[in-house]
Amino acid sequence: MRILVGVGASDGSLRALEQTVERAVEAGDELTVAIIEDDSPDRSTDEIESRVEAALDSGTVDAEVRHVDDEPGSELVTIAESEGFDRIVLSGGTTSPMGKIKIGSIAEFVLLNSHVSVTLIR
Amino acid sequence: MSYDRRFPDTVTGPFEGPPIRFTDKAGREIEIRAHDESEREYEAIASMYDEFDPADRAQGIPPSDERRIREWLENILSGECLNVVAWDGDRAAGHATLVPDNDDYELAIFVLQAYQEAGIGTRLMKGLLGYGAESGVETVWLTVERWNQPAVGLYKKIGFEISDSESFEMEMAIRIGDGADESG
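Chains are numbered independently. Their residues run from 1 in the order of the written sequence. Naming scheme: in the order in which they are written, chains are lettered from A and ligands are numbered from 1. This being a predicted model, a pLDDT of at least 70 is required before a residue's local features are given, and a value of 80 or more before pairs of side-chain atoms are given or counted; all residues contribute to the totals for chains, interfaces and linings. Neither water nor hydrogens contribute to the side-chain values; these are computed over all heavy atoms in the structure.

1. Here we look at the environment of A:Val118
Worth spelling out the cut-off: Secondary structure is summarised from DSSP: a helix means a run of H or I of at least four residues, a strand means a run of E of at least two, and numbering begins at the N terminus for each. It only takes one pair of heavy atoms within 4.5 Å for two residues to be counted as in contact.
Mapped onto the fold, A:Val118 is located in strand β7 (residues 117–121). Among all residues touching A:Val118, those that are not within four sequence positions of it are A:Arg87, A:Ile88, A:Val110 and A:Leu111.

2. Quick look at the pattern of salt bridges
Residue and element names in this part refer to chain B. Stated precisely, the cut-off is as follows: The salt bridge criterion pairs a side-chain nitrogen of Lys or Arg with a carboxyl oxygen of Asp or Glu, the two atoms within 4 Å. Burial here depends on accessible area, computed with a 1.4 Å probe over protein chains only, as a share of the maximum for the residue type. Under 20% is buried, over 50% is exposed, and the range in between is partly exposed.
What the rule picks out here adds up to 17 salt bridges over all chains. For glutamate 171, the salt bridge identified is with arginine 5, shortest N-O distance 2.8 Å. Here glutamate 171, found in strand β8 (residues 169–175), pairs with arginine 5, found in the segment before β1 (20–23); they are 166 residues apart in sequence, far enough to count as distant. Arginine 5 matches glutamate 171 in its accessibility class, with the two residues each being buried. The salt bridge partner of arginine 70 is glutamate 43, with a shortest N-O separation of 2.9 Å. Linking arginine 70 in helix α2 (residues 66–76) with glutamate 43 in helix α1 (residues 39–51), this pair joins segments that are 27 residues apart in sequence. On the accessibility criterion, arginine 70 (24% relative accessible area) is partly exposed.

3. Quick look at the interface of chain A and chain B
Rules: Buried area: the accessible area, evaluated with a 1.4 Å probe, that two parts lose upon being put together, summed over both parts. As used in this structure description, the phrase polar contact means that two N or O atoms lie within 3.5 Å; if the pair is within protein, one of them must be able to donate a hydrogen and the other to accept it, and residues adjacent in sequence are counted only when both atoms belong to side chains.
Contacts between the two partners involve 12 residues from chain A and, on the opposite side, 22 residues from chain B. In total, chain A and chain B occlude about 1300 Å² of area from one another, counting both sides; carbon and sulfur atoms represent 61% of this. If you look at where chain A meets chain B, you find zero salt bridges. Counting the contacts that link chain A with chain B gives five residue pairs in polar contact (both at pLDDT 80 or more).

4. What to know about the nonpolar core
How we decide: For this analysis, a nonpolar core means a set of buried residues of the types Ala, Val, Leu, Ile, Met, Phe, Trp, Tyr and Cys, connected via side-chain atoms within 4.5 Å.
Membership of the largest hydrophobic core comes to 59 residues, with the highest contact counts inside it found for B:Tyr49, B:Leu73, B:Leu107, B:Leu129, B:Val140, B:Tyr155 and B:Phe160. Apart from residues no more than four positions distant in its own chain, B:Tyr49 is found in contact with B:Pro62, B:Ile69, B:Trp72, B:Leu73, B:His95 and B:Phe110. Grouped together as the second largest cluster of nonpolar side chains are 20 residues, A:Ala16, A:Leu17, A:Ala24 and A:Leu56 included.

Written out as structure tokens, the structure is:
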């Protein structure tokens, strides 16, 4: 399968990538990583890039790395639909202080707009 | 993800804090008390959540298996969290909690199915907000599924205002203190 995985600044996002890499190694998926640039205070884009490289190296997976910025949700859907991807993978569900699952605005946009299957990693 | 949450400018209240005793609409004597952090109360609350109907879960809480329920309760029944419980004798009928979120508090409330629509939820909410105000809490928010009109109606009646309606879950907020009584 051709997988487009969106990675932002959150820890959940990087965990989602690690799981996707593991799965790609087992299943022989072809992976493209889209780094979501959202001016997050958590991590700079450079830091995300180096974390992504580390995750890809750990699974010895070769993946194209690209960037989405202006409207990340919309760009992810456009890329997936126009370039023949089989699936979009995102980290889906941070939790509130209470422990309630919340869906971020990017995941929400992708879920509601993508004609390509979407996997949310928890 | 953090952002500036909007709260109403005006203070709602005052709310009466626990203990609160009343007879519910089904004729049961209910007492609302602040959680005393005893093992006995903890077990009664855990039993309530073991019994909880999964169809009434909200955004993944309460969790559905006992191990996860206990992990979740360890977090919210201790430390800086504020908890009130509605008791029918030794049986926990409802539970409401305030969990710190920087300077604000996130609220959640659960009433066991057999005790719903008996006026317990309203009193439990007011009791928790009274307990919160006594403890120095000023701003409280919660999320609710937008289709859950009974819950939205309850929150509005108490004084919550919609603060964000643009995502899956609707966010509502209330101000119960204005910082005027910092010395207390």
